[in-house]
Amino acid sequence: TTSSLIYEMLKKQGFDAYLGGNIGMAPFDFLDKLNAQSKVVLELSSFQLLDLEKSPHTAVMLMITQEHLDYHSSVEEYIDAKRNLVRHQTSKDFAILNRDYPATNESDILTQGKLFHISREREVADEGCFVRDGKIWLRVGNQETEIIDTKDILLPGKHNLENISAAVMAAHLTGVSKENIASVLETFKGLEHRLELVATINGVRYYDD
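Draft legend 1. Region of interest: the overall build of the chain. Check the secondary structure of the chain and you find seven helices and ten strands. The C-alpha radius of gyration of the chain comes to 17 Å, within 12% of the 17 Å expected for a compact globule of 209 residues. Overall, the C-alpha framework of the chain stretches about 50 × 40 × 35 Å when taken along its three principal axes. For the chain, the residues scored as buried account for 41% of the 209 residues in total. Once the 22 positive and 32 negative side-chain charges of the chain are each reduced to a mean point, those two points are 5 Å apart.

Draft legend 2. Structural context of a nonpolar patch on the surface. A contiguous nonpolar patch, built from Phe28, Leu31, Leu34, Val40 and Leu42 and spanning about 460 Å² of accessible area, is present on the exposed surface. Along the chain, leucine 31 falls in the loop between β1 (17-21) and β2 (39-43). According to the relative accessible area criterion, leucine 31 is partly exposed, its value standing at 45%.

Draft legend 3. Summary view of the packing of aromatic side chains. Under the criterion given, the structure shown has two aromatic pairs. Ring centres of tyrosine 18 and phenylalanine 30 lie 5.2 Å apart, and the angle between their planes is 25 degrees; on these two criteria the pair is classed as stacked. Separated by twelve residues along the polypeptide, tyrosine 18 in strand β1 and phenylalanine 30 in the loop between β1 and β2 bring together distant segments of the chain. Residue tyrosine 18 shares its accessibility class with phenylalanine 30, and that shared class is buried.

Draft legend 4. Broad picture of the nonpolar core. The biggest cluster of nonpolar side chains holds 33 residues, and the ones touching the most others in it are Leu5, Met9, Ile136, Ile164, Val168 and Leu185. The element best represented in this core is helix α6 (residues 160-174), accounting for eight residues. Membership of the second largest hydrophobic core comes to eleven residues, among which are Ile64, Tyr78, Val86 and Ala103.

Draft legend 5. Structural view of the pairing of strand β6 (residues 128-132). For β6, the buried fraction is high: four of the five residues fall into the buried class. As paired strands, strand β5 (residues 114-119) and β6 are joined by three bridges and run parallel to one another. Opposite serine 119, over in β6, you have phenylalanine 130 as the bridge partner. With five bridges connecting them, β6 and strand β7 (residues 135-140) associate as antiparallel partners. Within the sheet, the bridge partner assigned to cysteine 129 lies in β7 and is leucine 138. As consecutive antiparallel partners, β6 and β7 are separated by two residues, and within that stretch aspartate 133 has a phi angle of approximately 55 degrees, a positive value.

Draft legend 6. Spatial organisation of the environment of leucine 85. One can find leucine 85 in helix α4 (residues 84-87). For leucine 85, a relative accessible area of 11% gives the class buried. Along the backbone, leucine 85 and leucine 110 are 25 residues apart, and their C-alpha atoms lie at a distance of 9.9 Å. Those residues in contact with leucine 85 that lie beyond four places of it in its chain are Leu44, Leu49, Ser55, Pro56, Ala59, Val60 and Met61.

Draft legend 7. Quick peek at the sheet that holds strand β4 (residues 94-98). The strand order β3-β4-β5-β6-β7-β8 describes an open sheet built from six strands, whose pairing is mixed. A single partner strand is all that each edge strand has here, and the edge strands are β3 (58-61) and β8 (143-149). Mean inter-strand twist for the sheet, computed between neighbouring axes without regard to direction, equals 20 degrees. Taken strand by strand, α6 contacts β3, β4, β5, β6, β7 and β8, and its axis lies near 35 degrees from that of β7.

Thresholds, definitions, all that
Starting from 1, residues in each chain are numbered consecutively following that chain's sequence as written. Per-residue local features of the predicted model are confined to residues with pLDDT of at least 70, and side-chain atom pairs are confined, for both listing and counting, to 80 or more; whole-chain, interface and lining totals are unaffected and use all residues. With hydrogens and water stripped out, all remaining heavy atoms of the structure feed into the side-chain values. Helix numbering and strand numbering both begin at the N terminus, where a helix is a DSSP run of H or I of at least 4 residues and a strand a DSSP run of E of at least 2. With the radius of gyration taken over C-alpha atoms, the globule rule is written as 2.2 Å times the number of residues to the power 0.38. Here the term buried applies to any residue with accessible area under 20% of the maximum for its type, exposed to any over 50%, and partly exposed to those in between, with areas from a 1.4 Å probe on protein chains only. We treat Lys and Arg as the positive residues and Asp and Glu as the negative residues; His and chain ends play no part in the count. In this description, the location of a charge corresponds to atom NZ of lysine, CZ of arginine, CG of aspartate or CD of glutamate. To count toward a patch, a residue needs a relative accessible area over 30% and no salt bridge; like charges are then connected within 9 Å, while nonpolar side chains (Val, Leu, Ile, Met, Phe, Trp, Tyr) are connected within 5 Å. For every accessible area listed, the method is Shrake-Rupley and the probe measures 1.4 Å; residues are considered covered only by the protein chains on display. A pairing counts as a salt bridge when a side-chain nitrogen of Lys or Arg comes within 4 Å of a carboxyl oxygen of Asp or Glu. By convention, a stacked pair of Phe, Tyr or Trp rings (six-membered ring in the case of Trp) has centres within 6.5 Å and planes under 30 degrees apart, an edge-to-face pair has planes over 60 apart, and any other such pair is tilted. We call a set of buried Ala, Val, Leu, Ile, Met, Phe, Trp, Tyr and Cys residues a nonpolar core when their side-chain atoms join them within 4.5 Å. A pair of strands is labelled paired if DSSP reports no fewer than 2 bridges between them. Any two residues having at least one pair of non-hydrogen atoms within 4.5 Å are treated as being in contact. Fitted lines through C-alpha atoms serve as axes, helices being fitted only where they are in contact, and the angles separating the N-to-C directions of these axes extend from 0 to 180 degrees.

The following block contains the structure:
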């Protein structure tokens, strides 16, 4: 969901944008189309990150819980793989971390990138994107900007406010305007089979999840 939101925001801004990776679209399919101005959004699984020796310019780390232990030898190995997202960054890069989850929040010591925190539970202490008083707020430098009222967001689910905050932060850092960010949030329905509204019958909403 976060990857797709970022991609839609980049397209809305007019960037030459591409989406691939673990979301089911092979990056090699569009590799020949890329140029120096292209923006690529990659969703990378822990399997793909395990032996990564280069981190993206803008890295987004969301919720980290115990997963894929049928593949990874331990929780520690799984978390360590995820942390390759930020481990190889330089001071010119950006690290967007969800501070509501300890394993993600504590990854800050591994990156040299500029830190931005996101949260749906509390106001962030420094720069980042967060939910406050029913609105999405962006704080960069000493300036706070209201992005959108949560009631105007089409995508359902409180958990998606985490995904939205991450996407807003990444899109802003890439040069997407507040207006284009808000426009996507007002119209983005979500992915297939992810709280997908199927129909409303006699006032009852039916979802495919």
